[in-house]
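Letter by letter, the chains look like this.
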Amino acid sequence: MFEAFLFFAPASLIILGALIVIFAKNPVHNAMGLVMTLVSLAIIYITLNATFVAMVQMLVYAGAVMTLFLFVIMMIGVDKKEQTTDSIKGQTFLVSGVFLILISLLVYVAVSSDFKWDLWFPPVEYDVEGTPQLIAGTLFTAWIFPFEIISILLIVATAAAIALAYDTKKRNSNA
Amino acid sequence: MWLEVSLEFIFLLSIFLPFLTAIFLFLNKKLFNELMTNFFTLNAALLSFAIAAYSFVALALNKFNGVNIELFQWISNPDISIGFTLDGLSGIMLILVTGLSFVIQLFSTSYMEKDENYSNYFIYFNFFVFSMLLLVMSSNFLVMFFGWELVGLSSYLLISFWSKKPAAAKAGNKAFVINRVGDFGFLIGLMIILDNFNTFDFYTILNNTNEVSENTITLISLFLLLGAFGKSAQFPLFSWLPDAMEGPTPASALIHAATMVTAGVFMLVRISPLLQHSNLASLLITVFGLITALLAAFSAINQYDIKKVLAYSTISQLGFMFIAIGAGAYVAAIFHLVTHAFFKALLFLGAGAVIHSMHHEQDIRKMGGLRKQMPITASMMGVGTLAISGIPPLAGFWSKDEILASVFANGGIYYIFWALTLGAAFLTAFYMGRHWLLIFEKDNGFEHSDINEAPKAMTRPLLLLGIFSIFIGFINTPFFHGLEKVLHVNLEYVEVTHLPEGITLIVLAVLSIGAGFTGLIIAFLFFGIELHKRIDLQKFKLEYPIKLIKDLSFNVLYLNKFGNLFFVSGMKNLTRKVAVVVDGILIDGSVNFVSTAFNTTSKITSTTQTGMVRNYVVYFGLFLLLLIVLFIATPMLQS
Amino acid sequence: MTRRKEIAMLEVTTDWYLSLAAILFTIGFLGMMIRKNALIMFMCIELMLNAVNLTFISASKHFGQIEGQVFVFFVLVVAAAEVVVGLAIIVSIFRKQSSASVDVLNVARG
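A brief structural summary. Just so it is clear, the model here is predicted, and its values are computed rather than measured. (Residues numbered from 1 in each chain as written. Chains lettered and ligands numbered in written order. Predicted model: local features only at pLDDT ≥ 70, side-chain atom pairs only at ≥ 80, totals over all residues. Heavy atoms only, no water.)

## Some thoughts on the overall build of chain C
Now for step 1: Counting secondary structure elements, chain C contains four helices and zero strands.
Now for step 2: A burial count over chain C gives 58% of its 110 residues as buried.
Now for step 3: Of the accessible surface of chain C, which amounts to about 4,300 Å², a share of 66% is contributed by carbon and sulfur atoms. (Helix = DSSP H or I, 4+ residues; strand = E, 2+ residues; numbered from the N terminus. Buried < 20%, exposed > 50% of the residue type's maximum accessible area, 1.4 Å probe, protein only. Areas by Shrake-Rupley, 256 points an atom, 1.4 Å probe, with all protein chains shown as cover.)

## As for the packing of aromatic side chains
Residues and elements named next belong to chain B.
Now for step 1: Taken as a whole and judged by the stated rule, the model has 43 aromatic pairs over all chains.
Now for step 2: Ring geometry for Phe 19 against Phe 127: centres 6.5 Å apart, planes inclined by 40°, an arrangement best described as tilted. In this pair, Phe 19 sits in helix 1 (residues 2–27) while Phe 127 sits in helix 4 (residues 118–137), placing the two residues 108 residues apart along the sequence.
Now for step 3: For Phe 127, a relative accessible area of 18% corresponds to the buried category.
Now for step 4: By way of ring pairs, the aromatic residues Tyr 118, Tyr 121, Phe 122, Tyr 124, Phe 125, Phe 161 and Trp 162 are connected into one cluster.
Now for step 5: Positioned over the ring face of Tyr 304 is Arg 434, at 5.4 Å from the centre of the ring. (Phe/Tyr/Trp six-rings, centres within 6.5 Å; stacked < 30°, edge-to-face > 60°. Lys NZ or Arg CZ within 6 Å of the ring centre and 35° of its normal.)

## Section: the packing of helix 3 (residues 88–111) of chain B against helix 10 (residues 249–258) of chain B
Residue and element names in this part refer to chain B.
Now for step 1: One way to put it is that helix 3 packs onto helix 10 with a least axis distance of 8 Å and a crossing angle of 155°. Overall, the two elements helix 3 and helix 10 adopt an arrangement that is roughly antiparallel. Contact residues: Leu 100, Ser 101, Ile 104, Phe 107, Ser 108 and Tyr 111 in helix 3; Thr 249, Pro 250, Ala 253, Leu 254 and Ala 258 in helix 10.
Now for step 2: Residues of the contact of helix 3 with helix 10, tallied by class, amount to eight nonpolar, three polar and no charged. (Axes fitted to C-alpha atoms, helices over the stretch in contact; angles between N-to-C directions. Parallel < 35°, antiparallel > 145°, perpendicular 65-115°, else oblique. Contact = heavy atoms within 4.5 Å. Nonpolar A, V, L, I, M, F, W, Y, C, P; charged D, E, K, R; others polar.)

## Remarks on the side chain of Thr 218 of chain B
Now for step 1: Following the sequence through the fold, Thr 218 of chain B ends up in helix 8 (residues 214–231).
Now for step 2: The residues touching Thr 218 of chain B, leaving out its near neighbours within four places in the chain, are Ser 278 and Leu 280 of chain B.

## A look at unusual backbone geometry
Residue and element names in this part refer to chain B.
Now for step 1: Its identity is not glycine, yet Asn 198 carries a phi of approximately 65°, on the positive side.
Now for step 2: Along the polypeptide, Asn 198 turns up in the loop between helix 6 (166–197) and helix 7 (202–207).
Now for step 3: Residue Asn 198 is classed as partly exposed on the basis of its relative accessible area, which comes to 38%.
Now for step 4: For Ala 233, which is not a glycine, the phi torsion comes out positive at approximately 55°.
Now for step 5: Relative to the elements of secondary structure, Ala 233 occurs in the loop between helix 8 and helix 9 (240–243).

## Re the pairing of strand 1 (residues 67–75) of chain B
All names here are of chain B.
Now for step 1: Relative to strand 2 (residues 80–86), strand 1 runs antiparallel, the two being bridged by seven bridges. Bridged to Asn 68 within strand 2 is Thr 85.
Now for step 2: Between strand 1 and strand 2, which pair antiparallel in sequence order, lie four residues. (Pairing = 2+ DSSP bridges.)

## What about helix 19 (residues 456–471) of chain B?
Residues and elements named next belong to chain B.
Now for step 1: Along its 16 residues, helix 19 runs 23 Å from first to last C-alpha, staying within 8% of the 22 Å computed at 1.5 Å per residue.
Now for step 2: Restricting attention to buried positions, one finds in helix 19 the residues Met 458, Thr 459, Pro 461, Leu 462, Leu 465, Gly 466 and Ser 469. The arc that holds every buried residue of helix 19, seen down its axis, measures 160°, which confines them to one face. Helix 19 presents Lys 456 and Arg 460 as exposed residues on the side facing more than 90 degrees away from its buried surface.
Now for step 3: As for helix 19, its buried residues are in contact with helix 3, helix 15 (330–357), helix 16 (375–389) and helix 17 (395–410). (Expected span 1.5 Å × (residues − 1). Arc of directions from axis to C-beta.)

## Some points on the side chain of Asn 302 of chain B
All names here are of chain B.
Now for step 1: As for its position among the elements, Asn 302 is in the loop between helix 13 (279–300) and helix 14 (306–326).
Now for step 2: At 3.1 Å, the side chain of Asn 302 and the side chain of Tyr 304 are in polar contact.
Now for step 3: Once residues lying within four places of it in the same chain are set aside, the contact partners of Asn 302 are Arg 434, Lys 550, Asp 551, Ser 553 and Phe 554. (Polar contact = N/O pair within 3.5 Å; in protein donor to acceptor, adjacent residues only side chain to side chain.)

## Topic: the packing of helix 16 of chain B against helix 18 (residues 414–441) of chain B
Working note: a packed helix pair is described by the angle between its axes plus the distance between those axes.
All names here are of chain B.
Now for step 1: Where helix 16 contacts helix 18, the two axes come as close as 9 Å, and the packing angle between them is 170°. Taken as axis vectors, helix 16 and helix 18 run roughly antiparallel relative to one another. Facing Thr 377, Ala 378, Met 381, Gly 382, Thr 385, Ile 388 and Ser 389 of helix 16, the residues of helix 18 in contact are Thr 428, Ala 429, Met 432, Gly 433, His 435, Trp 436, Ile 439 and Phe 440.
Now for step 2: Broken down by class, the residue content of the contact of helix 16 with helix 18 amounts to eight nonpolar, seven polar and no charged.

## Topic: the interface of chain C and chain A
One frequent convention defines the size of an interface as the accessible area lost when the parts assemble.
Now for step 1: Contacts between chain C and chain A engage 71 residues on the former and 86 residues on the latter.
Now for step 2: Interface area, chain C with chain A, both sides summed: about 7,400 Å², of which 77% is carbon and sulfur.
Now for step 3: In terms of surface lost to chain A, no three residues of chain C exceed Asp 15, Arg 35 and Met 43 of chain C, which account for 8% of the buried area on that side.
Now for step 4: Here chain C and chain A share zero salt bridges between them.
Now for step 5: Connecting chain C to chain A are five residue pairs in polar contact (both at pLDDT 80 or more). (Buried area = accessible area lost by both parts, 1.4 Å probe. Salt bridge = Lys/Arg side-chain N within 4 Å of Asp/Glu carboxyl O.)

## Re the pattern of salt bridges
All names here are of chain B.
Now for step 1: Counted according to the given criterion, the structure contains six salt bridges over all chains.
Now for step 2: A salt bridge links Glu 116 to Lys 164, with the nearest nitrogen and oxygen atoms 3.4 Å apart. With Glu 116 in the loop between helix 3 and helix 4 and Lys 164 in the loop between helix 5 (141–159) and helix 6, this pair connects stretches of sequence that are 48 residues apart. Across the pair, Lys 164 and Glu 116 agree in class, each one exposed.
Now for step 3: Lys 165 is paired through a salt bridge with Glu 246; the nearest N and O atoms lie 3.3 Å apart. Of this pair, Lys 165 sits in the loop between helix 5 and helix 6 while Glu 246 sits in the loop between helix 9 and helix 10, and the two are 81 residues apart along the sequence.

Listed below in structure tokens is the structure:
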């Protein structure tokens, strides 16, 4: 019972946060909704035995990335009104289609598994602790080459961000 | 040990010496005057000939057992290597080519005097000699093919040597293009050989002819035959040789009389073990040789260009050699090749001397009575004429008689061939007699008091060749089979047609001498004492037939015009149509269609690129839906 | 057993996690479509990426393999890089036309 609570409470918070993200008018509220979603996700990760990933999720996403978002929101202002009324071609169809599929999928899973939710993935007992030791052991042996590539990607992204955000015009006029 | 090896290698020097000379002269083109060029090219040719003679003597001491030298192996499987061989057959050709090359170069130094491209001539000449030696000394088909193509190239260069004359440039092109037809056949023959024997080596192939079916051998022989026809100017592919006379006369003497045109004969003798397995090929060789011999001899009787008569005569004599090969008389073919090389070179050089003295006038109607002005040339040309007509004991008699006797010895349908060959021999004597009489004897009413005998550099080669033309026939008489011994290794597995014995041989010899004499006498009657003017021809109603014969002969039975109409104009029209239909509509159309198709489709698809990020999100969503549907549908369809 | 009891004894299986990930992804996608603010759209992308992370981790649990969690790291790094570059782009666009709406940006139309 406690296990179920540990799932359903964060899950509802996740969905709530996500809805805030897409429906709130104030960008700061959007960001706060996102933080809620991410933190709740970290809790879910812990229930899934992925403790290290949960920690990183808290630090990188809820910490660094969200700070960046808030920083940019503050920079470009929050008082800009945004019109959401006009729709584009096919949007209504898509929205309804996505909803329809999502709901029918959930109903199908629930009904055909007799409300046990084990239609495709019946419960199994594996005990994998996502400890830093285990993750590092895999990451730095079998996946060392993608890891190095991803580090190059990060450096390139950093350089690109600097190049993009650096205001050459203003800088030159000041100097 | 080292000495033995170097002795084997020494004949390679005679092959590559002309090549080195050509390069050397090319590099020093600006530096050397005519005298220097003469010095180097003549000494190199003489050295080359000396080495050739030395190698030949060494070969003779070795009882004519061949020496093979493989320079290096190019590909191990199939076995393709670069190698040379010195055996009886190639030894004869080696000596012939280097010897004639020296004599003719000696003549050329005087003939080409003060030409603006003097050194170029000798570069081409040496290059030709190298290619020819490559051809004859090769130990496999590949090297032979290299030589085969290179002689075509150097022949092209020498034919159109005076390229400022449009006719010369055109003649070079014609020779090259027609030879290409033959080379095409030769190349296909080589491919079939490689496919069946897995090697190009002559000895390996010729010793294993039994392993391949007769049909394949016939196919190979026919394709190689096409090559031989092209190079040796045989019936369908002969018209380039008369045009090739635009080149310098000494070059004609070497290339288009003595050596290059005999490459086809040489090649066929080389592959004689193949040929004897194919009756069809042998028959075809005889028939085409016969057609060529008769046609060319007929065409020669009413030509007025001093060199064209000799050109048609060459074609006709080559026809004789082909007849000999077809009749299985390979020794006779090579024998005739050798004798013909000497007396035809003599005739060409004599013609060159006449042309030189006549200030490049080549029409024999404007000559006549030159005997008094040019006694040495006249007598040497006379020797050549008698030799080619088959008057004993000159060279031509022995070889031609051997061919005729061999053809007769085959029996059956070959009796008819023999009679026709005899007719060609008669025609030969006739046109050669006419040729000599028109140049040196008959008075055509032109003043020739300013004509002098050719310089000594020209008459000396003539005398040398004249002596050879008289005596070279004794190397292979019915009493002394010298050449047969030389070639015994090459013809080890070949059934050579043997001459008839005793009285038959004598009768045949008398008949062939008779044909020669009759031809000369009739020529003398017509052109010497002009019989037709003394008696009334009206009585015999012969005017029209004679006119017809003259017309047909001069125009070579209109074969050239037919060929021109059929191949050249026909091809032109065809290619024009092809250009319009295939190129204009098909290819241009398809290319244009592709470009317009791309243009249209890109215009259509570019409308979807609105630049609105949210539109792209919509596309993303659509394809996401499609993906989900696929994921759900696939297991359902499978179950 | 009655149905009520079954629900009370409910075990949280992998299907639950996957359903949650599907819902999260769908919400993120809907946000991409209905919002015009580039900043919010980026947040929606983050939502979708997190949905994918959730599937990775639940699969890692389900199959007992650590690779799923390793992949989450890669996704994390790519997301971080994307946010950095994307926000830089938004800032430079905002400097030009003082608006973060993506509908104005149609210079790349075909």
